[in-house]
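# Notes for the structure review
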Amino acid sequence: MQRTTWKSLTLALMIGAAIPALTTAPALAQAVPAAKPAQPWLNAKLDADKRADLALAAMTSDEKFTVIFGYFGADMKPKYDRHPDSRDASAGYIAGVPRLGIPGQWQTDAGVGVATQGTRQGLRERTALPAGIATAATWNPELAQQGGAMIGKEARDSGFNVQLAGGINLMREPRNGRNFEYGGEDPWLAGVMVAAQIRGIQSNHIVSTIKHYALNGQETGRFFHSTNISDAAARTSDLLAFQFAIEQSDPHSVMCAYNRVNSVYACENDWLLNTVLKKDWGYKGYVMSDWGADHSSAKAANAGLDQQSAGEAFDKQPWFGAPLKADLAAGRVSQARIDDMARRVLRALFASGAVDHPLAGAPDSLPATTLAAHAKITQADAEEGIVLLKNDSGLLPLAKTAKTIAVIGGHADVGVLSGGGSSQVYPAGGRAVQGLEPATWPGPMIYYPSSPLKALAKRYPGAKVVYDDGTDPARAAKLAAESELALVFADQWTTESWDVATLDLPKNQDATIEAVAAANKKTVVVLITGGPVLMPWLDKVGAVVEAWFPGTAGGEAIARVLTGEVDATGRLPVSFPKSVADLPRPKLDGDPKKPEELFDIDYDIEGAAVGYKWYDAKKIEPLFAFGHGLSYTTFAYSNLKASAAGDKVTVSFDVKNTGARAGKDVPQVYVGPKAGGWEAPKRLAGFKKVSLAPGATQRVSLTVDPRLLATWDGKAHGWSIAAGAYDVSLGASSRVIASTVEVTLAAKALSVAGK
Ligand code: GLC
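Here's what I pulled together on the structure shown here. Since the model is a prediction, treat every value here as computed from it, not as a measurement. (Residues numbered from 1 in each chain as written. Predicted model: local features only at pLDDT ≥ 70, side-chain atom pairs only at ≥ 80, totals over all residues. Heavy atoms only, no water.)

### As for the environment of threonine 744
Here is the rule: Secondary structure elements follow DSSP: runs of H or I of four or more residues count as helices, runs of E of two or more count as strands, with numbering from the N terminus. Think of it in three bands: residues with accessible area under 20% of the maximum for their type are buried, residues over 50% are exposed, and the middle band is partly exposed, with areas taken using a 1.4 Å probe on protein chains only. The contact criterion used throughout is that any non-hydrogen atoms of two residues lie within 4.5 Å.
Relative to the elements of secondary structure, threonine 744 occurs in strand β32 (residues 737-745). Judged by relative accessible area, threonine 744 falls into the exposed class, the value being 57%. Excluding residues that lie within four positions of it along the chain, threonine 744 makes contacts with Ala644, Gly724 and Ala725.

Here it is in structure tokens:
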């Protein structure tokens, strides 16, 4: 209720009394505009639930259907023309209700920045963050939030109020083409890091869409395959990542996935949508389908789907249009459910601020000053995501005195590779390499114009820094033999729609690395990949860094880390296996040549033991462990303490920089029951990125989410902490444990929310 002071009330009465007199005076006779019908839902002082209720009550039936039906935003001639009110070459558009002041919903992909659909080169050049897996590798939520805030601002400034970002599918399959878009293999790390990005994005008064819900762990057969897993295992792994992220960021939308889960399509899966998401977790936002993931009208709506995306372009029917209206008329879906669908969308538009902060236009380009400022943000993210995997005899940082440096492969002379598919951002300055296959979906394959060679040469003004494209191992080896240092850039394109057939580096790069390493023992390999790769040459090279897809300032970021201008501070968010034989499914399920084949993927092989948990449980040594990453300085951990008060476990410890230069470390806390009984011996329960000057010490204290100490009890429909002794370990990775203490916990039953 708006407060009115007596003075303004008196004034209003005086004017009110004067109006008849005024309106009869011929000179002033003019129609007093009819008062606009009250639109109380536009009162930003009311909460989103109240506003949604008020707006819904004012809607006609057709208007309710308007806000739950989406259009694709890119032409696919001659089959499909984009909606005229959509942004060109964008992901999607849902009409608004101008009569009620409800804006349209303009949707853009995705997790690294404002993407462009349909290979429209140069239409919308924007800033790209490093891949999601690189941001996860920073283990720095503040950076993830800054990056999200930046791409969310570019989305708003580009005319979008829905960003389809927040990819969080756990890495169960290292060959999954979309691992680069996600937050790694652990529910707590992925939950914390993706939540931070979503908070950043939504700080721009736009909707972020956590995805792909759920258990969408590979691309082969994604539209048809069924990922099968028990309720308890799902809730302790993939669903727990979503639950943590939703609790910590309140994404206003969830995107349900293409695949089936336990044989039921995710977008018509009552268990996933109604039971887990909306009932157990109390989710108040709306569920949108992935583009082509809606297979029904009433069945999907009744199972919990709230909005059909791109309804006329990819699904067999515009299900949430005429078919759902017919279902309503026939009683196959209730009015209450239709109202709930529309209300959830309205609530999101109010809660995000999209109604109160209208978009200000959709410019094709952003000011150069904006892009320059944003480059600093993506660079900071990329730098802290670079993981120093190996560094024999301190080969890195590169010697400042070097006079001859060979830079080989990976198009490092002109740019750095990015991941493919719907998340593809087109960079300012255009593509660094032209004519690469595939030219059409899921391509094009894009190198961002950020050259590691140029960035390095700038730092060695007096040196000879020579590039070889690496396609001829012998020629590359000759250059290496004539150089003090040899840097081999090895890259592997991964993309939505395709999984990689093997974890081997493509393009004969292993042979080039072998030849160069044989010619120069001071060989550094810089990996630019979307996930783990095999390294048959590992023992023959001096150093290896994993730079992932490093974004539109990637070249600069790589040079800063290689030269030691910044410490190497990334830690692996995924395990690197020694062989696919060590995986729960050595053979990748499905056949890429049969994209419409129905097949099952048994996630119950590993259940909740994803990634390092699998290797721990099976006593398999990975090539590089989850959490691993070297620094240019050294750190020591001490004074580990853990205490339990009920289900609240608090852990504290000291971290000291024992080296001679400033650096950043990520001490990690793992917990596990001495008596066993979990999916694996231990779980990540906390971490902290600390920045320390030489000799400095920081005391870190953190509390463990009680669900990480529990197992899922289906009968009680909640979490259960077993009484007994638990190890609390402090480590530099999941395999390098510095110290362990014990706490004793009493048995405790917890709600789904861990309370
Ligand atoms: C896709 C992707 C999804 C994306 C959507 C819109 O195929 O699976 O991540 O947001 O379509 O482009």
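### Remarks on the nonpolar core
In a soluble, globular protein the nonpolar side chains are often hidden away together inside. Here is the rule we go by: Within this scheme, the nonpolar core is defined by two criteria: the residues are buried Ala, Val, Leu, Ile, Met, Phe, Trp, Tyr or Cys, and they are joined through side-chain atoms within 4.5 Å. Residue ranges labeled as domains rest on an automatic or database domain assignment.
One finds Tyr213 and Phe320 to be the most contacted residues of the largest nonpolar core, which totals 125 residues. Ranked by residues supplied to this core, first place goes to helix α6 (residues 187-202) with 9 residues. The residues that make up this core include at least three from each of domain 1 (37-104 + 131-352) and domain 3 (635-750). Of all hydrophobic cores here, the second largest spans 93 residues; its members include Ala155, Ala476, Val488 and Ile558.

### Some thoughts on the pattern of salt bridges
Selection criterion: We count a salt bridge whenever a side-chain nitrogen from Lys or Arg sits within 4 Å of a carboxyl oxygen from Asp or Glu.
Tallying each qualifying case throughout the model produces 55 salt bridges. Note that aspartate 62 and lysine 325 form a salt bridge whose closest N and O atoms lie 3.6 Å from each other. With a gap of 263 residues between them, aspartate 62 in helix α3 (residues 61-66) and lysine 325 in helix α11 (residues 322-330) connect regions that are remote in the sequence. Residue classification places lysine 325 among the partly exposed positions, given a relative accessible area of 35%. Salt-bridge contacts for glutamate 556 lead to lysine 458; the nearest nitrogen and oxygen are separated by 3.3 Å. Within this pair, whereas glutamate 556 is found in helix α17 (residues 554-562), its partner lysine 458 is found in helix α14 (residues 452-459), the two being separated by 98 residues in sequence. On the basis of relative accessibility, which here comes to 56%, the residue lysine 458 falls in the exposed class. Taken together, the shared-partner salt bridges connect Glu383, Lys458, Arg459, Glu556, Arg560 and Glu565 into one network.

### Overview of the site of the ligand
Just so we agree on the cut-off: Whether a residue is near a molecule or strand depends on its heavy atoms: it is near if one of them lies within 4 Å of it. For this analysis, a polar contact is any N or O atom pair within 3.5 Å, provided that within protein one partner can donate a hydrogen and the other can accept it, and provided that sequence-adjacent residues contribute only side-chain to side-chain pairs. Calculation of accessible area relied on Shrake-Rupley with a 1.4 Å probe; when residues are assessed, cover is drawn exclusively from the protein chains displayed. Only Asp, Glu, Lys and Arg are considered charged, only Ala, Val, Leu, Ile, Met, Phe, Trp, Tyr, Cys and Pro nonpolar, and every remaining residue, Gly among them, polar.
What surrounds the ligand is a group of 13 residues, the closest being Asp109, His212, Tyr258, Asp290 and Glu496. Within the side chain of lysine 211, an N or O atom sits 2.8 Å from an oxygen atom of the ligand. Contact distances for the ligand include 2.8 Å between an oxygen atom and a side-chain N or O atom of tyrosine 258. Computed on the free molecule, the ligand has an accessible area of 310 Å², of which 96% lies beneath the protein chains in the complex. Of the residues belonging to the shell around the ligand, the class tally is 4 nonpolar, 3 polar and 6 charged.

### Re the packing of helix α2 (residues 48-58) against helix α12 (residues 335-352)
The geometry of a pair of packed helices is captured by two quantities: the angle between their axes and the separation between those axes. We apply this condition: Working convention: axes come from line fits to C-alpha atoms, limited for helices to the stretch in contact. Angles between N-to-C directions cover 0 to 180 degrees. In these notes the angle categories are as follows: under 35 degrees is roughly parallel, over 145 is roughly antiparallel, 65 to 115 is roughly perpendicular, and the rest is oblique. Working rule for handedness: look at the near helix, and if it is turned counterclockwise from the far one by less than a right angle, call the crossing left-handed; if clockwise, right-handed.
At their nearest, the axes of α2 and α12 sit 8 Å apart, and the two run at 130° to each other. One way to sum up the angle between α2 and α12 is to call them oblique. Judged by the sense of rotation from one axis to the other, the crossing of α2 with α12 is right-handed. Here α2 contributes Ala48, Asp49, Arg51, Ala52, Asp53, Ala55 and Leu56 to the contact with α12, which in turn contributes Asp339, Ala342, Arg343, Leu346, Arg347, Phe350 and Ala351.

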